Every structure is written in structure tokens, then in C-alpha cells.
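Fold and geometry: a report
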Amino acid sequence: MQKLIEKASTLVESLPYIRRFYGKTIVVKYGGSAMVETELKNNFAKDIVLLKYVGINPIIVHGGGPQIAEMLEKMGIKTKFVSGMRVTDKETMSVVEMVLAGKVNKDIVNLINKNGGSAIGLSGKDGHLLTAEKLMVENDSTILQAPEIMDIGHVGRVKEVDADVIQAVSKDFIPIIAPVGIDDDYEAYNINADLVAGSVAAAVKAEKLIMLTDVRGVLDNDGSLISSIKTDDVPRLKHEKIIKGGMIPKTDAAVTALQAGINKAHIVDGRILHSVLLEIFTDSGIGTQITL
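Residue positions are given per chain, counted from 1 along the sequence in the order it is written. Restriction of local features to residues with pLDDT of at least 70 applies here, the model being predicted, together with a cutoff of 80 or more for giving and counting side-chain atom pairs; totals for whole chains, interfaces and linings are based on all residues. The side-chain quantities take in all heavy atoms of the structure and omit both hydrogens and water.

As a further point, take the overall build of the chain. When you go through the chain residue by residue, the secondary structure sums to 10 helices and 14 strands. Restricting the calculation to C-alpha atoms gives the radius of gyration, and the globule rule supplies 2.2 Å times the number of residues raised to the power 0.38. Rg of the C-alpha trace for the chain: 19 Å, near the compact-globule value of 19 Å for 292 residues, within the 12% margin. Based on the C-alpha atoms only, the size of the chain along its principal axes is roughly 70 × 40 × 35 Å. Each residue's exposure class comes from its accessible area (1.4 Å probe, protein chains only) as a fraction of the maximum for that residue type: buried when under 20%, exposed when over 50%, partly exposed otherwise. Scored against the burial criterion, the 292 residues of the chain give a buried share of 50%. Runs of H or I in DSSP of at least four residues are treated as helices and runs of E of at least two as strands, each being numbered from the N terminus.

Orientation of helix α7 (residues 193-203) relative to helix α9 (residues 247-259), taken along the N-to-C sense of each, is 10 degrees, at an axis distance of 8 Å. Overall, the two elements α7 and α9 adopt an arrangement that is roughly parallel. Facing α7, whose interface residues are Asp194, Leu195, Gly198, Ser199, Ala201 and Ala202, α9 presents Pro249, Lys250, Asp252, Ala253, Thr256 and Ala257. By the convention adopted, Pro, Cys, Tyr, Trp, Phe, Met, Ile, Leu, Val and Ala count as nonpolar, Lys, Arg, Asp and Glu as charged, and the other residues, Gly among them, as polar. Residues of the contact of α7 with α9, tallied by class, amount to six nonpolar, three polar and three charged. Working convention: axes come from line fits to C-alpha atoms, limited for helices to the stretch in contact. Angles between N-to-C directions cover 0 to 180 degrees. In this scheme, roughly parallel covers angles under 35 degrees and roughly antiparallel covers those over 145, while 65 to 115 is roughly perpendicular and the rest are oblique. Here, residues are in contact when the closest pair of their heavy atoms is within 4.5 Å.

Turning to the sheet that holds strand β1 (residues 25-30), a few remarks are in order. Paired strands, in this sense, are two strands between which DSSP finds at least two bridges. Strand order in the open sheet formed by eight strands is β5-β8-β2-β1-β11-β13-β14-β12, with mixed pairing between adjacent strands. Strand pairing shows two members of the sheet lacking a second neighbour, β5 (119-122) and β12 (228-230), which therefore form its edges. For this sheet, the mean angle separating the axes of adjacent strands, direction not counted, is 20 degrees. The sheet contact formed by strand β13 (residues 264-269) and strand β14 (residues 288-291) spans three bridges and is antiparallel. Within β14, the position partnered with His266 by the bridge is Gln289. Of the strands in this sheet, β1, β2 (57-62), β5 and β8 (174-177) touch helix α5 (residues 90-114), which is tilted by about 170 degrees from β5. Lying over the sheet, helix α6 (residues 163-170) contacts β2, β5 and β8, oriented at roughly 135 degrees with respect to β8.

A few words now on a nonpolar patch on the surface. Patches draw on residues past 30% relative accessible area with no salt bridge. Two like charges within 9 Å are joined, as are two nonpolar side chains (Val, Leu, Ile, Met, Phe, Trp, Tyr) within 5 Å. Surface exposure here means Shrake-Rupley accessible area, sampled with a 1.4 Å probe, where a residue is shielded only by the protein chains that are shown. Salt bridges, as used here, are contacts in which a Lys or Arg side-chain nitrogen is within 4 Å of a carboxyl oxygen on Asp or Glu. Side chains of Met1, Leu4 and Ile5 sit close together on the surface and give an oily, nonpolar patch of about 360 Å² of accessible area. For Ile5, the location among the structural elements is in helix α1 (residues 2-13).

Here the expected span of a helix is defined as 1.5 Å times the quantity of residues minus one. With 12 residues, α1 should reach 16 Å at 1.5 Å per residue; the first-to-last C-alpha distance of 16 Å fits that figure. The element α1 is barely covered by neighbouring structure, given that only zero of its 12 residues are classed as buried.

This part takes up the side chain of Thr288. By the element assignment, Thr288 lies in strand β14. For Thr288, the side chain forms a polar contact with the main-chain oxygen of Ile226, separated by 2.7 Å. Beyond its immediate stretch of four places on either side in the chain, Thr288 contacts Arg216, Gly217, Val218, Leu225, Ile226, Ser227, Ile229, Ala265, His266 and Ile267. Any N or O atom pair separated by 3.5 Å or less is treated as a polar contact, with the protein-specific requirement of one donor-capable and one acceptor-capable atom, and with residues adjacent in sequence counted only for side-chain atom pairs.

Further remarks concern the environment of Ile166. Inspection of the secondary structure puts Ile166 in helix α6. Sequence separation of Ile166 and Ile176 is 10 residues, and the distance between their C-alpha atoms is 9.7 Å. Dropping the residues within four chain positions of it, Ile166 is found in contact with Ile59, Leu129, Val161, Pro175, Ile177, Val200 and Val204.

Bringing the confidence of the model for the chain into the picture now. Per-residue confidence for the chain gives a mean pLDDT of 91, with 95% of residues at or over 70. Known as pLDDT, the predictor's per-residue confidence is scaled from 0 to 100. Confidence drops under pLDDT 50 across residues 141-147; counting only partners more than four residues distant or on other chains, this segment forms nine contacts.

Time to look at the pairing of strand β10 (residues 188-191). Of the two faces of β10, the one carrying Ala188 and Asn190 and the one carrying Tyr189 and Ile191 are both buried. Bridging between strand β9 (residues 180-182) and β10 involves three bridges; their strand directions are antiparallel. Pairing of Gly181 across the sheet is with Tyr189, part of β10. The antiparallel pairing of β9 with β10 creates a hairpin that spans five residues between the two strands, and Tyr186 there sits at a positive phi of about 65 degrees.

Following this line, the structure appears as C-alpha cells:
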């Protein structure tokens, strides 16, 4: 009986948060171990379905780097990287799109549906959802003899998000968005999923942006978690190499979303069971919170 009472108490404690976020939109960038390990995948799906059933509108933007790498290796297509980004020729882009918009996206849709939700998969090609433009990058490669600023193929950044497409879908379904965009000439581009999530959150005026990763959040030089960051702190933390590597696009995405009017962005450890619910329905939350 005591365990049952404790469960009821937990439900009651979540009531203020359900009231606060009822009818609001929350964008979740889904990636890392939460997309790979079976228990984490199933619990993530249940969390997202729960949000929908209590009146919150979740939008999922997913990555898929490891899955792309695995498929390219199977097909014998060699990969080069510049500044951490995959050099993406036309052949590689075909594989990227096949994996992201086909296999990975539909696996997530199926997982949500299997756990009682109604999800629908989208890519930037659907209804001109994501308009992209080519991303030029700084050449840090000692292998590629190329200019300092170079074209690495079908790698882009978000130029525009058509929020009407998402809002039309999200009324009845949970949108699952693959980070593939098209330019003005209808060429496909691979876009960093963190940056897509930030742009989507900005376009739909989301209440929150939550990005799942495989670390506890932004860590200082001693490895301690920085629980809260202001957008004005981000340039300094980049300069001090506290924000580095894969954390750069996450904080950039957060800044984009916050400057467009969302309330908070969070970088949380997706290896923790129910990390999305812990972030939304508890006072302290987990991970690093980023605010204006």
C-alpha cells in the first residue's frame, strides 16, 4: 500500500508542471545512446507518448551519424572529415538520405507507435519543411590539400523552417523529423541535427528545447557539471575550450532558439532513464540549462 501511495504522490507532484506546459510545444533532439540501447529507446518512446497524452506537444528531431557510418562501410564508400563534418559527395548524400529519412526515421516512428503513440515521419523535403543552404567549412585536414575555407559537398545549414507544416501535423501526430534539407534548386543536404532542432524550436516558438547527449551536460575543466549558462556566457566558454567538439552545435542551437523567443534550452544525459520527464517534471531538472 505504501508503494502505491508513493506512486500517487509522484503523480500529484507532477500536476503543476502538466498545468504549466499543457498545450505547449517541446522540441527534443534525439541522439546518442538513447537511440541505440534497447531499454533507453523503449523508455524514451514511452516518455514521448506520455507527454502527448497529458496535453504537451512533443516534436522529435533525430540524428543518425553511427548508422550512416555503418551503412557507408557496408557499401565500401570511404569517408573523409573536415572540422568534424563528413565530406558528402552525391553518392554519399544518397546513402545519408536513405539512412536518415528512410531507416532511422521510420524506426523511430514505429517505436513511438508501438508504445501507444501516433507518430509521423518527415524530412526537409516534405512540404518544403527545411530549406537549406550550403555550409562552407574551415579546412583543418592535413590529408586534404584544399583551401582554408572549402566546400565539402552536400552539407548544409538551415536557411528556413516552414512552421506551418509542423503545426499542421503536430495537432494529431507526433512529428519525427530527419535532418535532411533541400536548397532552392531542390538538391538534398545533410544538416547537423542539433542545429535543425534549434531552428525548429525557434520556428514553432517552442516552450523548451531538450537535447539528449551522452554526457551529463556542459562540464567545466575539472569535469564538474555546469548546471546553468546564460547565452552571453557561450562565446567565453567556447574561447576557454569548455564548450568544444560536439557541444558546440548544441549550445549554438540553444542560442538560436532562445534568441527567437523560447524560454529555456536544456542539454541532458540521454543515458539516464526517463531523462526527458525528469527535465520537464522536476524543479531541479538534470543536465545544463541555458537561458537568455
